[in-house]
Amino acid sequence: MVFTFGTPMSYGIFRDPFSDAFGASPISLSVAFAIMLFAFYIGSGLVGVFGVRAPARALLFVCTLALACLAPSLYLVDSVVALTVVFVVLGLALGTGFVVIASVVPRWFEVRRGTATGLIFAGNGFGLFVVPPTWQYALAEFGVRRGFLVVTTVTAFTFLLATAVCERPAWVERSSASAEELLEWLGRLAGTRTFRLLFVGMALSFAWYQLLAAFAVDLFAYRGLTQTGASVAFGLIGGVSIVSRISGGYLGDLVGTRSAFLASLVCVNFGVVLLFFPGVPTMLVAVFLLGLGLGGSATLYIPLVMNIYASEMDTAIVGVFTGSGGIAALAMPPLGTASVAYTDGFTVAIGLTLATIACGTWAVTAGTSGT
């Protein structure tokens with residue numbers, strides 16, 4: 001789980017080294033990274049839906065093979081189009097691994113499901129904290145092609161370890177639905193108010209972080225931090241989320257998943273509001289609240305939706321709601337960048353981030369009322 005989110009969210013680290021290595025413009029590379037994120041969310045979501053009948057180990061083994069094949073691929077790539085294909089497969093493999101692990105592990109725990117999910121999701125928070133600087137070091141120390149080979153090989157090895165141990169419990173009924181039946185099931189879901197609100201709400205609950213990632217480092221540097229300090233401050237959001245992923249799951253077991261999830265979104269709302277105010281102390285409080293909210297919401301959305309929908313569709317339902325983030329993946333990074341570039345400031349970008357998370361909070365609240 002460390003590498004599933006850590007690598008796709010390192011796209012800011014990739015831009016300059018890959019631009020120099022392949023002679024590609026930053027804009028064309030940004031498109032490639034956006035498509036990678038789209039594949040991570042939408043592609044892996046579809047694999048989760050239609051791969052619900054497949055054994056978890058089989059799906060993870062395919063991801064392992066894909067990563068192993070990708071590791072040396074940059075030695076054969078000489079165009080932006082081919083590089084885009086590499087990133088699409090990378091996003092799809094990492095996203096599929098995330099969907100499988102996130103949907104299978106909670107099934108082993110009936111009583112402390114929130115806590116167990118938090119422990120597993122701590123890997124995502126740790127990844128957001130350490131994987132970007134790991135990529136930065138590898139690309140600077142070994143070069144783009146060799147650095148990519150090293151980190152992707154390590155990633156493939158961790159997926160191989162997950163393949164060895166990740167399987168559904170024997171007491172959990174596995175879906176026997178055909179592709180046609182799955183499409184009918186999706187159609188029935190889409191016809192319900194709860195699903196529509198949750199789909200939009202979950203998409204926006206992912207979107208605020210993708211939007212923030214487009215301008216956060218520049219904002220922190222503008223507020224007085226050095227470039228390195230600004231990068232560390234942004235990484236601290238992921239660092240704080242390591243703890244909040246575990247504590248959020250525990251809180252969900254105590255007060256209920258819905259209440260804990262909404263409390264996490266409230267933390268994000270307050271954290272974004274604080275970004276309007278200058279001053280390093282205020283900024284640090286904002287980072288803490290954003291990390292607190294990020295970790296809690298990222299952990300609790302899995303048990304939240306799994307408590308609402310049938311257990312035999314575990315991978316499918318997690319895939320559907322993970323896929324909702326794909327829409328945001330295409331729209332939010334360019335939107336954040338453009339809002340800063342064309343307004344010559346950060347107020348509009350922060351306002352868009354606040355509107356995104358506020359709308360997401362409302363949609364989830366309305367969609368889960370009475371559940």
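Cut-off values and rules
Residues numbered from 1 in each chain as written. Predicted model: local features only at pLDDT ≥ 70, side-chain atom pairs only at ≥ 80, totals over all residues. Heavy atoms only, no water. Helix = DSSP H or I, 4+ residues; strand = E, 2+ residues; numbered from the N terminus. Rg over C-alpha atoms; globule rule 2.2 N^0.38 Å. Buried < 20%, exposed > 50% of the residue type's maximum accessible area, 1.4 Å probe, protein only. Areas by Shrake-Rupley, 256 points an atom, 1.4 Å probe, with all protein chains shown as cover. Phe/Tyr/Trp six-rings, centres within 6.5 Å; stacked < 30°, edge-to-face > 60°. Salt bridge = Lys/Arg side-chain N within 4 Å of Asp/Glu carboxyl O. Axes fitted to C-alpha atoms, helices over the stretch in contact; angles between N-to-C directions. Parallel < 35°, antiparallel > 145°, perpendicular 65-115°, else oblique. Left-handed = near helix turned anticlockwise from the far one by under 90°. Contact = heavy atoms within 4.5 Å. Domains from an automatic or database assignment. Nonpolar A, V, L, I, M, F, W, Y, C, P; charged D, E, K, R; others polar. Patch = residues over 30% accessible without salt bridge, like charges linked within 9 Å, V, L, I, M, F, W, Y side chains within 5 Å. Disulfide = S-S within 2.5 Å.

As named in an unreviewed UniProt entry, the chain is MFS transporter, taken from Natrarchaeobius chitinivorans.

Right, let's talk about the overall build of the chain for a bit. When helices and strands are counted, the chain shows 16 helices and 0 strands. For 371 residues, the compact-globule estimate of 2.2 N^0.38 gives 21 Å, and the chain sits close to it at 20 Å. Its C-alpha atoms give the chain principal-axis dimensions of roughly 50 × 50 × 35 Å. Counting over 371 residues, the chain shows a buried share of 54%. When the accessible surface of the chain is summed, it comes to about 15000 Å², and 70% of that surface belongs to carbon and sulfur atoms.

All right, on to the packing of aromatic side chains then. One pass over the full model with this rule turns up 21 aromatic pairs. A ring pair is formed by Phe5 and Phe40, whose centres lie 5.0 Å apart and whose planes are at 75 degrees; its orientation type is edge-to-face. Residue Phe5 is found in helix H1 (residues 2–6), and its partner Phe40 is found in helix H3 (residues 26–50); the two are separated by 35 residues along the sequence. Across the pair, exposure class does not vary: Phe5 and Phe40 are buried alike.

Further remarks concern the pattern of salt bridges. A complete count under the given rule lists 1 salt bridge for this structure. The partner of Arg57 in a salt bridge is Glu167, with the nearest N and O atoms 3.6 Å apart. Residue Arg57 is located in helix H4 (residues 56–70), and its partner Glu167 is located in the loop between helix H7 (144–165) and helix H8 (179–190); the two are separated by 110 residues in the primary sequence. Residue Arg57 is classed as partly exposed on the basis of its relative accessible area, which comes to 34%.

Turning our attention to the packing of H4 against helix H5 (residues 80–104). The packing of two helices is summarised by the inter-axis angle and the distance between the axes. At a minimum axis distance of 9 Å, the contact between H4 and H5 shows a crossing angle of 155 degrees. Considering their axes alone, H4 and H5 lie roughly antiparallel with respect to each other. Between H4 and H5 lies a crossing whose hand is left-handed. Contact with H4, carried on its side by Ala56, Leu59, Leu60, Cys63, Ala66, Leu67 and Leu70, involves Val86, Val89, Leu90, Ala93, Leu94, Thr96, Gly97, Val100, Ile101 and Val104 of H5 and no other residues of that element.

On to the domain arrangement of the chain. Segmenting the chain into domains produces domain 1 (1–169) and domain 2 (178–370). In this structure, domain 1 and domain 2 have C-alpha centres spaced 20 Å apart.

At a closest axis distance of 8 Å, the pairing of helix H9 (residues 193–213) and helix H15 (residues 325–341) adopts a crossing angle of 35 degrees. Crossing angle aside, the handedness with which H9 passes H15 is right-handed. For the pair formed by H9 and H15, the contact residues are Phe199, Ala203, Phe206, Ala207, Gln210 and Leu211 on the first element and Gly325, Ile327, Ala328, Ala329, Met332, Pro333, Leu335 and Gly336 on the second. Here the residues of the contact of H9 with H15 sort into 11 nonpolar, 3 polar and no charged.

Turning next to a nonpolar patch on the surface. A contiguous nonpolar patch, built from Ile27, Val31, Ile35, Phe38 and Leu330 and spanning about 420 Å² of accessible area, is present on the exposed surface. Counting residues per element, the nonpolar patch draws most heavily on H3, which supplies 4 residues. Tracing the chain through its elements places Leu330 in helix H15.

With respect to the helices and strands, Ser19 occurs in helix H2 (residues 11–22). Not counting chain neighbours up to four residues away, the residues in contact with Ser19 comprise Phe14, Ala24, Ser25, Pro26 and Leu29.

Overall, the coordinates contain 0 disulfides when judged by the stated rule. The structure places no disulfide on Cys69, whose sulfur is separated from the nearest cysteine sulfur, that of Cys63, by 12 Å. No disulfide involves Cys166; its sulfur sits 11 Å from that of Cys63, the nearest cysteine.

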